[in-house]
Structures are given as structure tokens and as C-alpha cells.
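Residues per chain, in single letters:
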Amino acid sequence: MPRTLLIALAATLFASSALAQETPTPGGRADLVVQPEPPGLMLGLLTNAPVQLVAGQIYEGLLRYDENLQPLPSLAREWDVSEDGLTYTFRLQEGVTWHDGEPFTSADVLFSANDFLVETQSRHRNTMARVESVEAPDEHSVIFRLKEPFEPLIRSFAFWVMPMVPRHVYEGTDYATNPANDRPIGTGPFKFDNWNRGSSIRLVKNEDYYIEGKPYLDELFYHVIPDGASRAVAYETGEVDILPGGSVENFDVPRLSALDNTCVSDKGREFDSPLSWIWINNRTPPMDDVRFRQAIMYAMDRQFALDVLWNGLGKVATGPIAGTTPFHSEVEPQYPHDPDRARALLDEMGYDGTPLRLLPLPYGETWQRWAEAVRQNLQEVGIPVEIEASDVAGWNQRVSNWDYDLAFTFLFQNADPALGVERNYISSQIQQGNPWNNVEGYSNPRVDELFAEAATAFPAERRQALYDEVQAIVQEEVPVAWLLDLGFPTIYNCQFQDIITTANGLNDSMRDAWIRQ
């Protein structure tokens, strides 16, 4: 990691420690960048990253999570899990109201879990398929009863995974066209005020928030600035105070981090744990030969990509489960940069020099440079590569329809392999039309069995053993080419305190943020 970033991070940690005992000062406004502009703000319908950044201040889930992914109170103040792992009991906060003044009760939890989200989110349907019933013995208690133990359930109550939706607003309506979608109503610390399309989104303090004294800030103002260079300038000139991770190009990060009164944090991505890789289309030659896929891994200089293209932010990936995701293990085989080993594998399989098409991820200059670096690595071992650039819509269409040889991507791990990893490797997820499932077409019945067993094994130690076994198989067969556990640093004015207090970072931490005077 560059020295400037190390200094900035160290300064952040020192400052945080030194100020830990300060009393937060109420008042003020935070100006943030949101990029790209979200398509909407109704979290029950949309969960894109920019939607989460803004709507995570409006909507809440039953739980939040610390950086070790341990649950914290949110709309649930207490919870317990039965010894057999079949019953999860939540006791809700009292005195909570929706932004329109109506009370939040267990009836809203039942409506959100049993009705709204089952209709709108496939991820939630998969979770609820393991749930026997959801019951509400009184207005402030909810009980989830499972068909069989499913340990990942405790990590399914985040604000965007299972957001609470107001029953009195949505019951009996067409969810997709409900007028409240344009003026979202949640229980969160900030309320929607206005949205100037193409320019800004303004949230204001929820004066009736159930935690006394919070939020401290009066206002959150999100700037929509399409150009990366202009976003960097907006921070330099003080127009914005906070640059969420990924909102500026990586090559601007060291310069911005070195500015006076600037702090940097790599915290707040533990829940997502973004992992990058290259899809390898396993269906067609030469990618259907495991030796070719292993050769790709040995050919790539991933440490160069980390050091030069990502400024040391992140880690070289060691397999299908990111280093910050539960049940990660660094098992063999690993793939260091070894061009000679790559050439030997290509010779062994009799590779004839068939050229490959490579789709970069259309998210800016960093990704374009990365594609060029990989092309150079592959060409050095004798694999000719043609880069085929596209926009976001074109990338989605081609990857969803399996029209590629190699394609960059990164996906979130959602705090558990059963929630965010297995979807990319099990046979049942080979379905056209989705760029986030088993796009590569990999199929191994033993891998299917192990992921299924690991999802429901109980207790956690049993899950670990099963995930260790499946990681070793997948890493041997290289269905995709893992790149980096990505680091997306947040850059911000050091006057702002406690802007990242959970594993979801800025997305649900702004209730704790305040400005040091």
C-alpha cells in the first residue's frame, strides 16, 4: 500500500481513538457523492449499490452488523436463537413510527417478510423457502420458525436484504406503481425531502427517530456528478465532504488522500466483501479444458494489478470465498504468477492459439487498464486476446446471454457463502438472463452437494469443514479466474466523525455521524 495511504489510514485510526470520548455535536449537513444516479429509492424493489447508499438512511432492517458480521440491534432490540437452530425470536423496539406518523409494529414485519419481499425479491424467496412460518405473538415480537437449521438466516436481516416496508401504505396495492415509491416512507433516521433528477437528492433529519438524540446531522445532500474527474474536483474544492468507495478513479485516490484535513477508511465493506474475477465461458473450447483455465490463473500477475492499478487497496484473492467472508480458508491449490507453468499447461493440452474475446467491466478507466494488463499477461504466454468494450447495458446483455469468452466482473458475497457465493458455482444457477448467477456454466455434482450440505449444516464448525472441501475442489477446477478482494476506500473531510460504524459502512451508518467543531 502506498505510504500516503498508510499515513492517512493511520491518522484516521489515531484521530478516531483520540476523539472516542468526545460528545457528538448535533447539527450540520453532510454532502456526499452518489454515483451513478440511483434508478429509484424504494429498497423493497431496488437494491443497487447507489440505491443502498441513499435509501439505507430511510429504510431499516431488524438488525445491523458489526465489522465481524455479528448482529447489532436495529428495529429489533433483542433476539435469541433456540439451541436446535430452528426458532429465531425478535423483540422489536417500542415507540417506532413510520415517517408519516403511523406506528411500526410486528404486523409490518409479517407483511414485509411474508408478502412484499416474497413477491419482489428472488433472494428473499430463497431464504423464505427454508422458513416454516413467521408469527407475531404480540405487537412487539416476531418469531421465525425454520424447516431445518439454516445458520445464514441471522445475516438475512440487514436493511437492504430484508428492509421493513410499511404495511398500511402498500397492502392491497400494485407495489411497482405505488406513489410512495417516489416519496419513500421508512422508519430510518433521515426522511426523503426532494430529488432533483440528474443533480441531487436531499434527505432531512427524522425528528421523531426512536433513538434519543440521533441522528446528529440535520441534512444529507447527495450530489449526482457523472464525470469521475469532476467528482474528484468537487471534493478538492469542498463542494462535497464524503466520497464513498469507488466514486473516484483509483489513480486519484492517493492524491485526494494526501489533501489537508482528509481522512481515509477501508472499513464498511465487510458485509458485501466485493470479490472480482474473470468469467471464463466453460462451455466452449479451449475454456472447457481445466488445464487452460489453470493456465490463465498462472499467467495473470495479480500482485501487479493490486499494487499498480488498485494502489494496494485490497488483497489478491485466494479462491471463491473472499477473505472477509465467513468460512473463508486459504486452501490449495493457489496460483502465483508463473508464466512458465502456464505455458507448460498450454503445451500439455495442445492449445492451438485460438484467440479469445475479453469484455472489460465498463465502470471507468481503472477497469479498462486492468483489461489491458490481463491481455498483456495472456499474450505473454501465447494466448491472443481481443478486448471488446461495451457500455453497462451491453455488458449486462452479453454476459447474461453467455456471449463472451472472458469477462470482468465483481460480485458481493452478502456475508455468507450460502447467500452470496454458491449462486456462482452450483448447477441450478445456470440460467440465461442473469449476469450474477452461474454465468460460466460450471457444473460438478459433488460441488452441488457440498454447497447444499454446508448451507444447512449445524453448528458452524460443520459448515466450515464442508466449505473447506468445496473450496479445494473449485480452486482445482478454476471455473472462473479470481482476481482481487477489492478495496473501496471512503475519502472524507476529517471533521466528520463516526461515518462508518457497521459492516455496511456509509449505507446505514449516517445516523451516528456528526461534525467536530
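Conventions and cut-offs
- Residues numbered from 1 in each chain as written.
- Predicted model: local features only at pLDDT ≥ 70, side-chain atom pairs only at ≥ 80, totals over all residues.
- Heavy atoms only, no water.
- Helix = DSSP H or I, 4+ residues; strand = E, 2+ residues; numbered from the N terminus.
- Rg over C-alpha atoms; globule rule 2.2 N^0.38 Å.
- Contact = heavy atoms within 4.5 Å.
- Areas by Shrake-Rupley, 256 points an atom, 1.4 Å probe, with all protein chains shown as cover.
- Lys, Arg positive; Asp, Glu negative; His and termini not counted.
- Charge placed at Lys NZ, Arg CZ, Asp CG, Glu CD.
- Pairing = 2+ DSSP bridges.
- Axes fitted to C-alpha atoms, helices over the stretch in contact; angles between N-to-C directions.
- Core = buried A, V, L, I, M, F, W, Y, C linked by side-chain atoms within 4.5 Å.
- Buried < 20%, exposed > 50% of the residue type's maximum accessible area, 1.4 Å probe, protein only.
- Phe/Tyr/Trp six-rings, centres within 6.5 Å; stacked < 30°, edge-to-face > 60°.
- Lys NZ or Arg CZ within 6 Å of the ring centre and 35° of its normal.
- Arc of directions from axis to C-beta.
- pLDDT = per-residue confidence, 0-100.
- UniProt positions renumbered as here; feature names shortened; annotations may be inferred.
- Disulfide = S-S within 2.5 Å.
- Right-handed = clockwise from strand over helix to strand, strands pointing away.
- Polar contact = N/O pair within 3.5 Å; in protein donor to acceptor, adjacent residues only side chain to side chain.

1. Considerations on the overall build of the chain
Argument step 1. Helix and strand content of the chain: 16 helices and 21 strands.
Argument step 2. Its C-alpha radius of gyration of 23 Å places the chain within 12% of the 24 Å reference for a compact globule of 517 residues.
Argument step 3. Across its three principal directions, the C-alpha atoms of the chain cover 70 × 55 × 45 Å.
Argument step 4. Residue pairs in contact within the chain that sit at least 24 positions apart in sequence constitute 71% of those at least 6 positions apart.
Argument step 5. Counting every atom, the chain has about 20,100 Å² of accessible surface; 47% of that belongs to carbon and sulfur.
Argument step 6. Charge-centre separation for the chain: the mean point of 39 positive side chains lies 1 Å from the mean point of 75 negative side chains.

2. Quick notes on the pairing of strand β9 (residues 200-205)
Argument step 1. Across 6 bridges, strand β8 (residues 190-196) lies against β9 in antiparallel orientation. Bridge pairing in β9 links Lys191 to Val204.
Argument step 2. From the end of β8 to the start of β9, which pair antiparallel, there are 3 residues, and Gly198 there has a positive phi angle of about 80 degrees.
Argument step 3. Bridge analysis of β9 against strand β10 (residues 219-223) gives 5 bridges, and the strand direction is antiparallel. Its bridge partner being in β10, Ser200 is matched across the sheet by His223.

3. Some details on the sheet that holds strand β16 (residues 385-387)
Argument step 1. Strand order in the open sheet made by the 6 strands is β14-β18-β13-β17-β15-β16, with mixed pairing throughout. Pairing within the sheet leaves two strands with one partner each, and these edge strands are β14 (314-316) and β16. In this sheet, neighbouring strand axes are inclined to one another by 30 degrees on average, regardless of whether the strands run parallel or antiparallel.
Argument step 2. Sheet topology places strand β13 (residues 275-280) next to strand β17 (residues 406-411); 6 bridges connect them, and they run antiparallel.

4. Quick notes on the nonpolar core
Argument step 1. Membership of the largest hydrophobic core comes to 150 residues, with the highest contact counts inside it found for Leu62, Phe144, Trp279, Trp370, Ile383, Phe408 and Met510.
Argument step 2. If we skip the residues at most four places from it in the chain, Phe144 touches Leu86, Thr87, Tyr88, Phe90, Ala113, Met128, Val131, Ser133, Val134, Leu153, Phe157 and Met162.
Argument step 3. If you look at the next biggest cluster of nonpolar residues, it comprises 13 residues, including Tyr235, Val253, Leu256 and Leu313.

5. Quick notes on the packing of aromatic side chains
Argument step 1. For the structure shown, the criterion picks out 28 aromatic pairs.
Argument step 2. Plain terms: the ring middles of Trp98 and Phe104 are 5.7 Å apart, the flat faces sit at 70 degrees to each other, and that makes the pair edge-to-face. Each member of the pair, Trp98 as well as Phe104, is classed as buried.
Argument step 3. Every member of this aromatic cluster is reached through a ring pair, and the members are Trp310, Trp367, Trp370, Phe408, Phe410, Phe412 and Phe488.
Argument step 4. In this arrangement the basic side chain of Arg29 is found over the ring face of Phe221, its NZ or CZ atom lying 4.1 Å from the centre.

6. Digging into helix α9 (residues 302-309)
Argument step 1. The complete set of buried residues in α9 reads Arg302, Ala305, Leu306 and Leu309. Around the axis of α9, the buried residues are gathered within 115 degrees of arc, so they sit on the same side.
Argument step 2. Here the buried face of α9 lies against α8 (290-299), β14, α11 (365-380) and β18 (480-486).

7. Focus: the confidence of the model for the chain
Argument step 1. For the chain, mean pLDDT is 93; residues scoring 70 or higher make up 96% of the total.
Argument step 2. Predicted confidence for residues 1-20 stays below pLDDT 50, and this span has 23 contacts to residues more than four positions away or in other chains.

8. Some thoughts on the UniProt feature "domain: Solute-binding protein family" (unreviewed entry) in the chain
Argument step 1. In this structure's numbering, the residues bearing the UniProt feature "domain: Solute-binding protein family" (unreviewed entry) are residues 71-414.
Argument step 2. Regarding residues 71-414, the helix share stands at 27% and the strand share at 22%, and the terminal C-alpha atoms are separated by 14 Å.

9. A few points about the state of the cysteines
Argument step 1. Scanning all chains against the criterion turns up 1 disulfide.
Argument step 2. The disulfide partner of Cys263 is Cys494, and the gap between their sulfur atoms is 2.1 Å. Because the sign of the S-S torsion sets the handedness, a value of about 115 degrees for the bond joining Cys263 and Cys494 places this disulfide among the right-handed ones. Of the two residues, Cys263 is situated in strand β12 (residues 262-265) and Cys494 in the loop between β19 (490-493) and β20 (496-497); the sequence distance between them amounts to 231 residues. The exposure classification of Cys263 matches that of Cys494, with both residues buried.

10. Digging into the pairing of strand β15 (residues 356-359)
On any regular strand, side chains alternate: one points to one face of the sheet, the next to the other face.
Argument step 1. Of the pairings in the sheet, the one linking β15 to β16 comprises 3 bridges and is parallel in character. Directly across from Arg357, in β16, lies its bridge partner Glu386.
Argument step 2. In this region the chain leaves β15, passes through α11 and returns to the parallel neighbour β16; the handedness of that crossover is right-handed.
Argument step 3. Judged from the 2 bridges that link them, β15 and β17 form a sheet pairing that is parallel. Residue pairing across strands places Leu358 opposite Leu406, the latter belonging to β17.

11. With respect to helix α12 (residues 392-400)
Argument step 1. Those residues of α12 that sit buried are Gly394, Trp395, Arg398, Val399 and Ser400.
Argument step 2. In the core, the buried residues of α12 are packed alongside β13, β15 and β17.
Argument step 3. The distance from a side-chain oxygen at the start of α12 to the backbone nitrogen of Gly394 is 2.7 Å, and the residue carrying that oxygen is Asp391.

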